[in-house]
Amino acid sequence: MLLGRYRFFCRFQEDALLPTYKGSTFRGAFGNALKRVVCAVREKDCGRCLLAQRCLYARVFEPAPRPDGLRLATPPHPYVIEPPLDPGTRYTSGDSFDFNLLLFGEFNDYLPYFVYAFEAMGEQGLGARRGHGMGRYALKCVTSGARQLYNDQTRQLEKPRPDMLRLAPPTDASGTLGVKLVTPLRLKHDNQLQAELPFHLMTRAALRRVSTLFACFGEGEPPLDYRGLVARAQDIEVVCSRLRWCDWQRYSNRQEQAMLMDGMSGEITYRGALGEYLPLLEIARAVHLGKQSAFGLGQIDYSFQPDLPA
């Protein structure tokens with residue numbers, strides 16, 4: 001699967017007031033901006049629009065079930081926004097404001113639309129009181145790795161060169177795995193939101209994320225032993241858990257209601273025969289896990305310490 005990782009460098013032109021976690025603010029403002037950029041008919045309900053199957057906004061924010069028989073209640077979004085992780089809420093004119101955008105598969109070809117939408121979003125403002133003299137910013141440049149793809153002086157956008165994301169071969173290594181939940185992780189099991197993270201739950205989430213992304217934006221579901229991986233994950237023990245529950249909510253303008261966005265945060269350590277799971281975790285580290293991953297939730301990091309030979 002193609003994965004593009006793009007860094008957007010911005011600078012506030014006015015004071016701004018943002019929430020502690022900024023991903024939800026980004027999602028709503030970006031959605032509005034992208035719809036203004038690409039929507040041809042201004043239809044409020046995309047499901048009633050004749051252009052929905054071809055419209056970039058509908059494909060990004062309201063993806064329809066795949067016509068090829070892939071069974072997904074809700075297809076994954078083709079992007080992830082990684083907002084700034086600093087907890088600050090007040091910004092002044094001149095402050096930098098940088099974030100990452102991940103694009104999957106063919107949606108890397110649409111990077112110009114995303115860049116234009118983020119520029120339009122800056123003109124409207126971001127955060128509380130946007131549009132009332134606060135929160136406007138300017139997009140200065142966009143990079144991908146060491147390459148600068150765009151800057152506000154030339155306003156020329158170079159063609160992106162996304163990486164190919166593949167599952168590495170598994171190993172039989174045993175050892176200790178430390179996982180850090182960089183942003184809140186929301187996982188459901190048996191239709192219940194989970195507050196603990198046994199390794200089989202982490203495995204289920206990683207398998208679900210990898211299989212759906214690769215099926216929708218890559219070359220198809222990878223040939224994995226799904227049942228066997230979940231079953232063997234039951235034998236991985238939790239050595240230490242420093243997880244905590246984060247309570248917060250966002251207001252959805254599209255759905256016109258407040259939405260709870262709480263989830264797990266912190267660190268957890270596992271021990272056991274973990275080698276066959278490391279390729280899955282490497283993909284998960286790149287693409288996030290769980291619900292609401294499109295605007296930055298479920299970002300993880302990990303370190304693995306193999307056992308020393310006897």
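Use the structure listed above.
Bear in mind that the values here come from a model prediction, so they are computed numbers and not experimental data.

Enquirer: What is the right way to read the nonpolar core from this model?
Expert: Proteins that are soluble and globular tend to have nonpolar side chains buried together. Ranked by size, the top nonpolar core spans 83 residues in total, and within it Phe8, Phe118 and Leu197 carry the most contacts. Considering every element that reaches this core, the biggest residue donor is helix H4 (residues 199-217), with 11 residues.

Enquirer: What am I meant to see in the pairing of strand S15 (residues 263-272) here?
Expert: Looking along a regular strand, one sees side chains alternate from face to face of the sheet. The element S15 is largely enclosed, with a buried count of eight among its 10 residues. Two elements, strand S9 (residues 175-185) and S15, share eight bridges in a ladder whose sense is antiparallel. Paired with leucine 185 across the bridge in S15 is methionine 264. Direction of pairing for strand S12 (residues 237-246) relative to S15: antiparallel, over a ladder of nine bridges. Note that in S15 the partner of cysteine 240 across the bridge is threonine 269.

Enquirer: Just to check I follow, could you spell out the side chain of serine 265 for this structure?
Expert: You can see serine 265 is positioned in strand S15. Residue serine 265 is classed as buried on the basis of its relative accessible area, which comes to 8%.

Enquirer: I keep staring at the sheet that holds S15 and nothing clicks. Help me out?
Expert: Within a sheet, each strand pairs with its neighbour through backbone hydrogen bonds, oriented either parallel or antiparallel. The sheet built from four strands is open, its strands ordered S12-S15-S9-S16 with antiparallel pairing. Strands with a single pairing partner mark the edges of an open sheet, and in this sheet they are S12 and strand S16 (300-306). Along the sheet, successive strands turn relative to each other by an average axial angle of 5°, direction set aside. Here S9 runs beside S16; their pairing, made up of seven bridges, is antiparallel. Bridged to glycine 178 within S16 is serine 303.

Enquirer: Got a minute to help me understand the side chain of threonine 212 in this structure?
Expert: Residue placement: threonine 212 occurs in helix H4. At 3.2 Å, the side chain of threonine 212 forms a polar contact with the backbone oxygen of arginine 209.

Enquirer: Is there a simple way to explain unusual backbone geometry in this structure?
Expert: Leaving glycine aside, a negative phi is the common case for residues, and trans is the common case for peptide bonds. Phi angles above zero are rare outside glycine, and histidine 288 is one such case at about 75°. Within the element layout of this structure, histidine 288 appears in the loop between helix H6 (278-287) and S16. You will see that glutamine 292, though not glycine, has its phi angle at about 55°, which is positive. Looking at the element boundaries, glutamine 292 is found in the loop between H6 and S16.

Enquirer: Can you help me understand the packing of H4 against H6 in this one?
Expert: Each pair of packed helices gets described by two things: the angle between the helix axes and the distance between those axes. Two elements in contact, H4 and H6, have axes separated by 9 Å at closest approach and are oriented at 70°. Between H4 and H6, the interaxial angle falls into the category roughly perpendicular. Here the hand of the crossing between H4 and H6 comes out left-handed. For the pair H4 and H6, the contacting residues are Met202, Ala206, Leu207, Arg209, Val210, Leu213 and Phe214 in the first and Leu280, Leu281, Ile283 and Val287 in the second. Looking at the contact of H4 with H6 residue by residue, the class counts come to 10 nonpolar, no polar and one charged.

Enquirer: Can you help me understand the packing of helix H1 (residues 23-38) against helix H3 (residues 111-124) in this one?
Expert: Between H1 and H3, the shortest axis-to-axis distance is 8 Å and the interhelical angle comes to 110°. By the angle between their directions, the pair H1 and H3 is classed as roughly perpendicular. Along this stretch, H1 crosses H3, giving a crossing that reads as right-handed. On H3, the residues that touch Phe26, Ala29, Phe30, Ala33, Leu34, Arg36, Val37 and Val38 of H1 are Tyr113, Phe114, Tyr116, Ala117, Phe118, Ala120, Met121 and Gln124. Each residue belonging to the contact of H1 with H3 can be placed in one class, and the counts come to 14 nonpolar, one polar and one charged.

Enquirer: Got a minute to help me understand helix H5 (residues 226-233) in this structure?
Expert: Helical periodicity: at 3.6 residues per turn, an α-helix aligns residues three or four positions apart in one direction. Taken together, the buried positions of H5 are Gly228, Leu229, Val230 and Ala233. Considering only its buried residues, H5 is in contact with H4 and H6.

Enquirer: Can you help me understand the state of the cysteines in this one?
Expert: In a disulfide, the sulfur atoms of two cysteines are covalently bonded to one another. Tallied over the entire structure, the rule returns zero disulfides. Take cysteine 49: it sits in no disulfide, and the sulfur closest to it among the cysteines is that of cysteine 39, at 6.3 Å. Classification of cysteine 49 by relative accessible area gives buried; the value is 19%. Between cysteine 141, a free cysteine, and cysteine 10, which holds the nearest cysteine sulfur, the sulfur-to-sulfur gap is 8.7 Å.

Conventions adopted
Residues numbered from 1 in each chain as written. Predicted model: local features only at pLDDT ≥ 70, side-chain atom pairs only at ≥ 80, totals over all residues. Heavy atoms only, no water. Core = buried A, V, L, I, M, F, W, Y, C linked by side-chain atoms within 4.5 Å. Buried < 20%, exposed > 50% of the residue type's maximum accessible area, 1.4 Å probe, protein only. Helix = DSSP H or I, 4+ residues; strand = E, 2+ residues; numbered from the N terminus. Pairing = 2+ DSSP bridges. Axes fitted to C-alpha atoms, helices over the stretch in contact; angles between N-to-C directions. Polar contact = N/O pair within 3.5 Å; in protein donor to acceptor, adjacent residues only side chain to side chain. Parallel < 35°, antiparallel > 145°, perpendicular 65-115°, else oblique. Left-handed = near helix turned anticlockwise from the far one by under 90°. Contact = heavy atoms within 4.5 Å. Nonpolar A, V, L, I, M, F, W, Y, C, P; charged D, E, K, R; others polar. Disulfide = S-S within 2.5 Å.

Distances and angles like these do not, on their own, reveal function.
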